[in-house]
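Chain by chain, the residues run as shown.
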Amino acid sequence: MSLTFGSDVRRTFCTLCPQHCGMLVQVRDGQPVRIDGDRENPVAKGKLCPKGAFCLDVHEHPDRLNTPLRRVGPRGSNQWEAISWDLALDEIAAKLADIRRREGPEALGTLGGTHKGPGDWASWRFASHFGTPNYVSQGRNCGVGEFLTETSVYGWDTIYQAPHPGTTKCVVIWGCNPAESSPPSWVRLQACQAAGAKLIVIDPRVTKSAKRADLHLAIRPRTDGALALGMIHVMIQENLYDREFVDKWCLGFDEVRTIAAEWTPQRTAEVTALDPQLIVEAARMYAQNRPARISFGVAPTQLGEGASRSALLGRAILRAISGNLDVPGGEPLGNPYDTSQFAWLESIGFERLVDHPLRTRESVNAAETPICSVSGYRAFREAMAKVYPDGHTGCAYMFFASQPAIYRAIIDQHPYPIRALIVQGGEPLLTMGGAKQAHQAFTHENLELLVVMDHWKTPTGQLADYLLPAADFLERPDISAHWGIGNFFVVAQKVVEPLQERRNDYNLWSGLGRRLLDPTDWPATLEGMLDRFLVPSGKSYREWADGACNHHFPRLRWRKYEQRGFATPSGKVELVPSLFARMGIEPRPVYTGPPYALEDADLADYPLLMIPGSRYLELTASNLRQVPQLKKRHPEPIVDVHPGLAAEMALEEGEWVLIERPEGAIRQRVRINPDIRRDTVHPDGYWWEPGTAAGEPNLSGAWDSNANAITPADPRLSSFAGDQPLRGARCRLRKCATSAPTAQ
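Here the structure is a predicted model, which is why all the values come from computation and not from measurement. (Residues numbered from 1 in each chain as written. Predicted model: local features only at pLDDT ≥ 70, side-chain atom pairs only at ≥ 80, totals over all residues. Heavy atoms only, no water.)

Participant: Please give an account of the overall build of the chain that cites residues and values.
Facilitator: Each helix and strand in the chain was counted, giving 27 helices and 25 strands. Computed over the C-alpha atoms, the radius of gyration of the chain is 24 Å, within 12% of the 27 Å expected from 2.2 N^0.38 for a compact globule of 744 residues. When the backbone C-alpha atoms are referred to their principal axes, the chain occupies close to 70 × 65 × 60 Å. The buried share of the chain, reckoned over its 744 residues, is 67%. In the chain, 77% of the contacts between residues at least 6 apart in sequence involve partners at least 24 apart. Within the structure as shown, the chain displays about 24,500 Å² of accessible surface, and the carbon and sulfur contribution to it stands at 49%. (Helix = DSSP H or I, 4+ residues; strand = E, 2+ residues; numbered from the N terminus. Rg over C-alpha atoms; globule rule 2.2 N^0.38 Å. Buried < 20%, exposed > 50% of the residue type's maximum accessible area, 1.4 Å probe, protein only. Contact = heavy atoms within 4.5 Å. Areas by Shrake-Rupley, 256 points an atom, 1.4 Å probe, with all protein chains shown as cover.)

Participant: Before we move on, could you go through the pairing of strand S14 (residues 449-454) and cite the residues and values that matter?
Facilitator: Burial analysis of S14 places six of its six residues in the buried class, which makes it a mostly covered element. By the alternation rule, side chains of S14 split into Leu449, Val451 and Met453 and Leu450, Val452 and Asp454, which are all buried. Both strand S13 (residues 420-424) and S14 contribute to a ladder of five bridges, which runs parallel. Bridging across to S14, Ala420 finds its partner in Leu449. Pairing analysis gives four bridges linking S14 to strand S15 (residues 466-469), with the strands arranged parallel. By the bridge assignment for S15, Asp454 is matched with Pro469. (Pairing = 2+ DSSP bridges.)

Participant: Could you give an account of the environment of Leu333, with specific residues and numbers?
Facilitator: Tracing the sequence through the fold places Leu333 in the loop between helix H13 (307-321) and helix H14 (345-348). Through-space distance from the C-alpha of Leu333 to that of Ala226 is 25 Å; in sequence the pair is 107 residues apart. Contact partners of Leu333, with chain neighbours within four places excluded, come to Tyr154, Trp156, Asp157, Thr158, Leu325, Asp326, Lys560 and Phe566.

Participant: Could you give an account of the sheet that holds strand S6 (residues 108-112), with specific residues and numbers?
Facilitator: Here we have seven strands laid out as an open sheet, ordered S5-S4-S15-S14-S13-S6-S7, and mixed in their pairing. Each having just a single partner strand, strand S5 (80-82) and strand S7 (135-136) make up the two edges of the open sheet. Here helix H3 (residues 85-103) sits on the sheet in contact with strand S4 (69-71), S6, S13, S14 and S15, set at roughly 135 degrees to S15. (Axes fitted to C-alpha atoms, helices over the stretch in contact; angles between N-to-C directions.)

Participant: Summarise the state of the cysteines; cite the residues concerned and give the values.
Facilitator: Here a disulfide denotes a covalent bond joining the sulfur atom of one cysteine to the sulfur atom of another. Applying the stated criterion across every chain, the model contains zero disulfides. The thiol sulfur of Cys142 is not disulfide-bonded, and the nearest other cysteine sulfur, from Cys176, lies at 12 Å. No disulfide involves Cys395; its sulfur sits 11 Å from the nearest other cysteine sulfur, which is in Cys372. (Disulfide = S-S within 2.5 Å.)

Participant: Run through the side chain of Asp600, naming residues and quoting values.
Facilitator: Position of Asp600 among the secondary structure elements: in the loop between helix H25 (578-582) and strand S20 (608-610). For Asp600, the side chain forms a polar contact with the side chain of Arg661, separated by 2.6 Å. Engagement of the side chain of Asp600 in a polar contact is seen with the backbone nitrogen of Arg730, the distance being 2.9 Å. With residues up to four places along the chain from it excluded, the contact list for Asp600 reads Arg661, Pro662, Pro712, Leu717, Ala729 and Arg730. (Polar contact = N/O pair within 3.5 Å; in protein donor to acceptor, adjacent residues only side chain to side chain.)

Participant: How would you summarise helix H22 (residues 526-533) if you had to cite specific residues and measurements?
Facilitator: Those residues of H22 that fall on the buried side of the exposure criterion are Leu526, Met529, Leu530 and Phe533. Down the axis, H22 shows its buried residues gathered within 100 degrees of arc, on one side only. Contacts made by the buried residues of H22 are with helix H4 (118-130), H14, strand S16 (478-480), helix H21 (505-516) and helix H23 (541-546). (Arc of directions from axis to C-beta.)

Participant: Lay out unusual backbone geometry with the relevant residues and their values.
Facilitator: Residues His414 and Pro415 are joined by a peptide bond in cis, for which omega reads 0 degrees. Note that Pro415 resides in the loop between helix H18 (403-411) and S13. In this chain, Glu696 is followed by Pro697 through a cis amide linkage whose omega measures 0 degrees. Positioned with a positive phi, Lys45 is a non-glycine residue whose angle comes to about 55 degrees. In this fold, Lys45 is placed in the loop between strand S3 (31-37) and helix H1 (50-53). Overall, the relative accessible area of 57% leaves Lys45 in the exposed class. Positioned with a positive phi, Trp483 is a non-glycine residue whose angle comes to about 60 degrees. One can find Trp483 in the loop between S16 and strand S17 (489-492).

Encoded structure:
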């Protein structure tokens, strides 16, 4: 029997992945006893995936952190003592005050996870008020490159938009697998197909999504930019582009035409290892079935130096010259939040960081990737001023520092020292690249303070000086605002009181803010802070949370550029973006690769390409392996190997194999899979073994099978935006014994 909101049934949304599907929870005697999907919530309309279905197991799990811990032995010794929250915050604040006095506010860095809850925006708010530009969330390796490219080309992004069943005529899934990673998007996509839409999937693997495709392009990893140019070539050569839109609204088309002219189907096929006719068919299917949408996928952002830029810029050009920008069923350009309902930018205070009286230095990554820095933010604000005077509400993506630069600032103190790190709701040793370098930074004597707040004693948490217990989504009030790249919000009730000494993420930042900054800027409770976001609506958090409707989804408006132009320096779509040129980035869609202009490993020694990091429906990156019902579906790390490669190496199904790179080796079990390219292997990502030996050197299995233990750490291999090269690195396979290798 379905649950109905009211009485003993509370209303929230699940944050076990970034989708934030609506959920109803029945409560008895202060305990959650039953869950159901919220059919009135527009995100998933009552559907829940396996992660949400087992949220009570997460809430009640015996391995959850429940009390603040302070390290008493050497870092990584797993020796702790319990302390109070107040004492922990007093000591952390005192250390931060001393570091800021000696080294400046920029000596603090923060590392966060995926889009989960109030810790995300609260950490950015604290950083802006404190004066440090050196903050990162997991969006750094998911959407930064995409966001900055789209915003440079046409002044806003299309990331959080969706196809429209019955209107969208073609969907291109490029570098993602929504059947596993985004259940609400997958349902919507299937509805589009049922209404007659064509589906093109671009992926080296035959994924679940690809099996439903009209065309599947099993591309060679990191050659996406070449494919985009090949499709552009066909569209221009066959006059399939929207000439009227291009002539009236686009700059740089002649340069694009000249570059694309060289990318015949034959040349494109040589680079991408695709059939030339398939490239032509994909271009025709996309161009002739309008309106069409190229869905956001993280893979092109994670291709690294050269390859990422050409892929992301090529996709943005395809969206523009096809005439799909900001038309119903095509590529909606998002809008800022409805300022009559929601106060996003002013509640976070990004502008405080720009002119902060104590900040004297740029982001630690600014020299290599200036487009993603305080200076980069200023440039975007200037470019967007005529159309969006307050800037882009997703501007956190314009500030995110890069992880390798933060690690370098700790280890080498270049360009200046970072002395303190706060990690909240993320696991950088597992989900961010270059884990070996990260470990060196986290254990380095130059790092005076490492604070971790999480649900679990993660590998990074095992290295911390202070380990703080986080409340889960059932234990806090919340607003889902999707980091400013959506223009809607959903308000969640607190379902139950936190167990033991768990606290919501905002409490960490407000506790430090009230000790180190102006206390009046930091309401004592999360509910009080959420009230500030909702002031324009004329209703309090409680009125929204308890009311008949707990969400606000503004109606989309189309072809906004006809009234005000595009939010670029020229007011037009810049196919060769001037902001790229201003920041020293190659602005033309020239292809670089494959796979790098700079080699990450010797081709003769490392002949294969690895594409780790794909999602499973039951797990979110490194999280949820503690839940037996979820882990039993993926009990061991698996690497997909093509039958031809397996035969050549005499590999058998289920045997352990070493995956090696210059950084070291990990081991995973072989799954012989014809649905992958012969030159490519697909290791599980983010792997660790919760419940096994904690502390150094094991760190609960962080080095045994974790793909990011061997991803490249060299910042020169990161993208133009600072995103790490997580997909397509060179590797080799070697038979191994069952004993675990080490990546250190």
